[in-house]
Amino acid sequence: MPLSTSSNFARPDDAFRAIVEAHRGLTDEQSADLDAALVLILANHIGDIDVLSEAIALASRRMIAADQQQQQQQQ
Amino acid sequence: MAQAETQARNQTKTQFGYRRHADQDRTGADIAVHQVIVVGAGPVGLSLAIDLAQRGQDVLLLDDADRIGEGSRAICFSKRSLEFWDRLGVGDRMVDKGVVWSVGRIFHGDQQLYQFNLLPEQGHKRPAFINLQQFYAEAYLVDRVEQLPSISLRWRNKVVALEQRNDGVALTIDTPDGHYLVRAAYVIACDGARSSLRRMVGAEFSGQVFEDQFLIADVKMTAEFPTERWFWFDPPFHAGRSALLHKQPDDIWRIDLQLNRYADPAVEKQPENVRPRIARMLGHDKFEFEWISLYKFQCRRMDRFIHGRVIFAGDAAHQVSPFGARGANSGLEDAENLAWKLDRVLRGQSPEMLLESYHVERSAAADENIRESTRSTDFMAPNSHQEARLRKAVLSLAKETEFGKRMVNGGRLSVPSIYESPLSTPDGQDWRGGPRPGTSMPDAPIAAQSGHAMFLTDAFIGQGTRFTLLEFGNGASVAAPEGLGAIRIGGQDGFVDRDGLATARYDAEPGTAYLLRPDGYVTARFRHPTRGALEAALARAVGLNGRLS
């Protein structure tokens, strides 16, 4: 089963909001801890190493994009 | 250290004399020519020499020292290693002396996260592991060597030069009486992590260096801890680091403490500095030191285990971190894998290319051992803030969730390698279970017709540890190819499957047959074998059908 990137939530705003609210009032350090736990919990729920790898690749493309943007700004 | 005392108390012979050999008087065209020379009389070299000798080969075994190595070093020997040692006739001695265990516990702080059992089922001759000081294992192997006249074991014989020829190797050996020369068809280098033969063939040995330092202390004390493997993350007695406690024979306990990356080894090793740490761990200071060692480690392997007529095995070929008992055990798996292949090649029964399968199978096993032990090490000593954060999340989730417990990595212990091998015949029928080709044979309790209770591994030894057909029910009534051993379970005159476990573990139906290699690995299996299918599988398993080239 490939990674699903179509919209899966009936109310996507609720999902985004739930994650945002979980971070409310946390320091950056606490937020990072929360994210780490959340990633592990969700990864286990998916339980498919291929889907996880695709998700990691999709997320990692943001790092590459950010690098390129930084380089362009420096030029 | 008190090791010499312990050894003396147990009357274990660990010191051996140099003896001049007639080979040393031979020069020029007259120098001695041996079939096999094994270099290094550690657990791997000794076991390999015994296996070869039992198969009828003459073996010259050289060691540069005159005594068995200092300290306990390797202590955990796996079920697979014990089954190999059973075939060599030393299994009982190892198990009788060793501390049997199968349960491990993982703690975080002062709280137990989980426990695991490495052999939760009954009906196996050997336990998941024994703990035994390496010097005992070596001493028992040397005793066995001394019963085998076809092994010439020469202490204080140090290889100082090596020359590859088309049909063999010439070695220059240094002794207290000076140098002498010998030739051999094959040289097997079992001379350890700092292998001088590896340097002599000019092989690279690269990999990952770990900066973390660990302190091993073997302490003598009487204690009521159970015979289990206990591993702590961030224990109260050693804040922020990891610790391991493990029992050995003679009331010796192995303690392994992770140290600061920047700790000064000379200072850390001083008994007066080690003592308070361990007293904090044990809650008392009624113990004596048996051995203290500080180590860093590397995970690396040779690109090729075979260099011309020199073949590398054990630590000489690959090194792993100690967490997982994958060092000595994987070296012993090398030995059992190589012995039967080399025997066949020396007899001209198989082409030299059969040896290539040793490299294929065992280098893949080394990769797996390196991967597993590197992951364990990275979990114990995270390399970045984010790695540490993820580990913290896992340890914390482990308190509440099953998946968290499964992600906690305090060492993944050695299990027999599974080979994706050119020697294996792929399954042609449907199987619901049982060992697939490339897997080591599972044990099971059986009984002889007389009612005598035994194990499947005993029956395999009874067939002379050669290629053996394991059949179920009344058998396939196919005439097996000549020279094959035969074990039949069930039927009129077969062994009795005492608890139905052999049938279950081999997913067997009447007519099912497994073809076992001389090292106890499954190489092919059939629901109803034909003579032609068996012959083809056997030809493939001995390298006679060209699949290796």
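Residues numbered from 1 in each chain as written. Chains lettered and ligands numbered in written order. Predicted model: local features only at pLDDT ≥ 70, side-chain atom pairs only at ≥ 80, totals over all residues.

### Considerations on the overall build of chain B
Right, on to step 1. For chain B, the helix and strand inventory stands at 15 helices and 27 strands.
Right, on to step 2. For 549 residues, the compact-globule estimate of 2.2 N^0.38 gives 24 Å, and chain B sits close to it at 24 Å.
Right, on to step 3. The burial tally for chain B puts 48% of its 549 residues in the buried class.
Right, on to step 4. Restricting to contacts in chain B with at least 6 residues of sequence separation, those with at least 24 account for 71%. (Helix = DSSP H or I, 4+ residues; strand = E, 2+ residues; numbered from the N terminus. Rg over C-alpha atoms; globule rule 2.2 N^0.38 Å. Buried ≥ 20, exposed ≤ 12 C-beta atoms within 10 Å, placed from the backbone. Contact = placed C-beta atoms within 7 Å.)

### Concerning the overall build of chain A
Right, on to step 1. Of regular secondary structure, chain A possesses three helices and zero strands.
Right, on to step 2. Taken from N to C terminus, the helices and strands of chain A fall in the order α-α-α.
Right, on to step 3. Scaling as 2.2 N^0.38, a compact globule of 75 residues should have a C-alpha radius of gyration of about 11 Å, whereas chain A reaches 15 Å, well beyond that.
Right, on to step 4. For chain A, the spread of C-alpha atoms along the principal axes amounts to about 40 × 35 × 25 Å.
Right, on to step 5. Across the 75 residues that make up chain A, the buried fraction comes to 1%.

### Topic: the sheet that holds strand β12 (residues 206–209) of chain B
Residue and element names in this part refer to chain B.
Right, on to step 1. An order of β12-β18-β21 is seen for the three strands of this open sheet, with the pairing classed as antiparallel. Two strands in the sheet have a free side with no partner beyond their single neighbour: β12 and β21 (318–319).
Right, on to step 2. Pairing between strand β18 (residues 298–301) and β21: two bridges, direction antiparallel. Bridge pairing in β21 places Arg301 opposite His318.
Right, on to step 3. Across the face of the sheet, helix α10 (residues 354–380) comes into contact with β12, β18 and β21 while running at roughly 165° to β18. (Pairing = 2+ DSSP bridges. Axes fitted to C-alpha atoms, helices over the stretch in contact; angles between N-to-C directions.)

### Remarks on the domain arrangement of chain B
Residue and element names in this part refer to chain B.
Right, on to step 1. Structurally, chain B comprises domain 1 (3–100 + 126–207 + 302–370) and domain 2 (445–541).
Right, on to step 2. The C-alpha centroid of domain 2 is placed 31 Å from the C-alpha centroid of domain 1.
Right, on to step 3. Among the secondary structure elements, those contributing two or more residues to the side of domain 1 that touches domain 2 are α3 (79–87) and α9 (328–346).
Right, on to step 4. Classifying every residue of the side of domain 1 that touches domain 2 gives one nonpolar, one polar and four charged. (Domains from an automatic or database assignment. Nonpolar A, V, L, I, M, F, W, Y, C, P; charged D, E, K, R; others polar.)

### Side note on the confidence of the model for chain B
Detailed reading of the predicted model is not advised wherever pLDDT is low.
Right, on to step 1. Taken residue by residue, chain B gives an average pLDDT of 92. The fraction at 70 or more is 97%.
Right, on to step 2. Complex prediction metrics read pTM 0.93 and ipTM 0.91. (pLDDT = per-residue confidence, 0-100.)

### Considerations on the interface of chain B and chain A
Frequently, the measure chosen for interface size is the accessible area that the parts lose on association.
Right, on to step 1. Across the boundary between the two partners, chain B contributes eight residues, which contact six residues of chain A.
Right, on to step 2. Top contributing element to the side of chain B that touches chain A by residue count: helix α11 (residues 385–398) of chain B, with seven residues.
Right, on to step 3. When grouped by side-chain class, the residues that make up the side of chain B that touches chain A number five nonpolar, one polar and two charged.

### A short note on unusual backbone geometry
Residues and elements named next belong to chain B.
Right, on to step 1. A positive phi angle, close to 50°, is found at Asp234, a residue other than glycine.
Right, on to step 2. Tracing the chain through its elements places Asp234 in the loop between β14 (229–233) and β15 (242–248).
Right, on to step 3. In the Ramachandran plot, Asp251 falls in the positive-phi region, its phi being about 60° despite a non-glycine side chain.
Right, on to step 4. Relative to the helices and strands, Asp251 is located in the loop between β15 and β16 (252–259).

### Describing the sheet that holds strand β24 (residues 468–472) of chain B
All names here are of chain B.
Right, on to step 1. Strand order in the open sheet formed by four strands is β25-β24-β26-β27, with mixed pairing between adjacent strands. The open sheet has two free edges, formed respectively by β25 (485–489) and β27 (522–526), since each of these has just one partner strand. When strand polarity is set aside, the average angle formed by the axes of neighbouring strands in this sheet is 15°.
Right, on to step 2. For strand β26 (residues 513–516) and β27, the ladder comprises four bridges, and the chain directions are antiparallel. What sits directly across from Leu515, in β27, is Ala524.

### Things to note about the pairing of β24(B)
The two faces of the sheet receive side chains in turn, since in a regular strand these alternate between them.
Residue and element names in this part refer to chain B.
Right, on to step 1. Within β24, five of the five residues are buried, leaving the element largely enclosed by the surrounding structure.
Right, on to step 2. Going residue by residue along β24, you find Thr468, Leu470 and Phe472 tucked away on one face and Leu469 and Glu471 tucked away on the opposite face as well.
Right, on to step 3. Looking at chain direction, β24 and β25 are connected through five bridges and run parallel. Pairing of Leu469 across the sheet is with Ala486, part of β25.
Right, on to step 4. In the sheet, β24 pairs with β26 via four bridges, with the strands oriented antiparallel. Note on β26: the bridge partner recorded for Glu471 is Ala513.

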